[in-house]
Amino acid sequence: MVRLLGASLTVVLLCAATPAPPAVSNDTQIRQMADDFAAAWNKHDPNAMAYFWSADGDLINPWGRKAKGLTEIQRLFQDEHNGPMKVSTYATTAMSIRMLAPALALVDYDAEIANVSLPDGSTTTFKPHVVFIVRKTNGKWWIVSARPYAFMPPPPPPAPK
């Protein structure tokens, strides 16, 4: 009996002395969410892509199409991935995260979408800039609002006088 109590006490002391694994930072969680979104894009899975949005989330794509709520966002991705994005690949190339509150962040990043199909049958690479507002609910980060867009070329310099 003493031997059993001693072994039990040893196990309890070892468990108590073992530090808990460090919590994953918000920054790491948000970056992982962006990587997981890219993986869903590259599988061309509109349902999985839409799953990153909150139920009340919205998206305006670079061509001005608006979608609000999971059903519309899923439909937008389905239309894109049955069309010009059918064989595209998506990667995040640079990212910054600004915490606005403990459970709210502004995510600002550059992306590269390769193999976008053009009407003439050729392909191109599109390099949008993406802004997400993300909110943490029940330990998970969800996209509340997303605005991927392309920068315009700078205007020409003024004519000499």
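Owing to the predicted nature of the structure, the values given are computational and were not obtained by experimental measurement.

Definitions and limits used
- Each chain carries its own residue numbering, running from 1 in the direction its sequence is written.
- Note on the predicted model: pLDDT of at least 70 is required for a residue's local features to be given, and 80 or more for side-chain atom pairs to be given and counted; whole-chain, interface and lining totals, by contrast, use all residues.
- Water and hydrogen atoms play no part in the side-chain values, which are based on all heavy atoms of the structure.
- Secondary structure elements are defined from DSSP: runs of H or I of at least 4 residues count as helices, runs of E of at least 2 residues count as strands, and each element is numbered from the N terminus.
- The span one expects for a helix is its residue count, reduced by one, times 1.5 Å.
- We call two residues contacting when some pair of their heavy atoms lies within 4.5 Å.
- Every residue gets a pLDDT, meaning the predictor's confidence in that residue, from 0 to 100.
- In the sections that follow, a salt bridge refers to a side-chain nitrogen of Lys or Arg positioned within 4 Å of a carboxyl oxygen of Asp or Glu.
- Here's how the labels work: a residue is buried when its accessible area is under 20% of the maximum for its type, exposed when over 50%, partly exposed in between, all with a 1.4 Å probe on protein chains only.

A look at helix H2 (residues 26-42)
Working step 1: With 17 residues, H2 ought to run about 24 Å at 1.5 Å a step, and its terminal C-alpha atoms sit 24 Å apart, in line with that.
Working step 2: Positive backbone phi, approximately 55°, marks His44, located one or two places after H2.

Details of the side chain of Asp58
Working step 1: For Asp58, the location among the structural elements is in strand E1 (residues 53-60).
Working step 2: Look past the residues within four positions of Asp58 in its chain and what remains in contact with it is Trp53, Ala67, Lys68, Ile73, Val144, Ser145, Ala146 and Arg147.

Digging into the confidence of the model for the protein
Working step 1: With 86% of its residues at a pLDDT of at least 70, the protein reaches an overall mean of 89.
Working step 2: Mean pLDDT in the protein bottoms out at helix H1 (residues 2-17), which sits at 48, and peaks at strand E2 (residues 66-68), which reaches 98.
Working step 3: Confidence over residues 4-15 falls short of pLDDT 50; this stretch has zero contacts with residues more than four positions distant or in other chains.

A closer look at the pattern of salt bridges
Working step 1: Summed over all chains, the structure comprises five salt bridges.
Working step 2: With a closest N to O distance of 3.2 Å, Arg135 and Asp56 form a salt bridge. With Arg135 in strand E6 (residues 129-137) and Asp56 in strand E1, the pair connects residues that are 79 residues apart, well separated along the chain.
Working step 3: Note that Asp58 and Arg147 form a salt bridge whose closest N and O atoms lie 2.6 Å from each other. With a gap of 89 residues between them, Asp58 in strand E1 and Arg147 in strand E7 (residues 140-149) connect regions that are remote in the sequence.
Working step 4: The class of Asp58 is buried, set by a relative accessible area of 19%.

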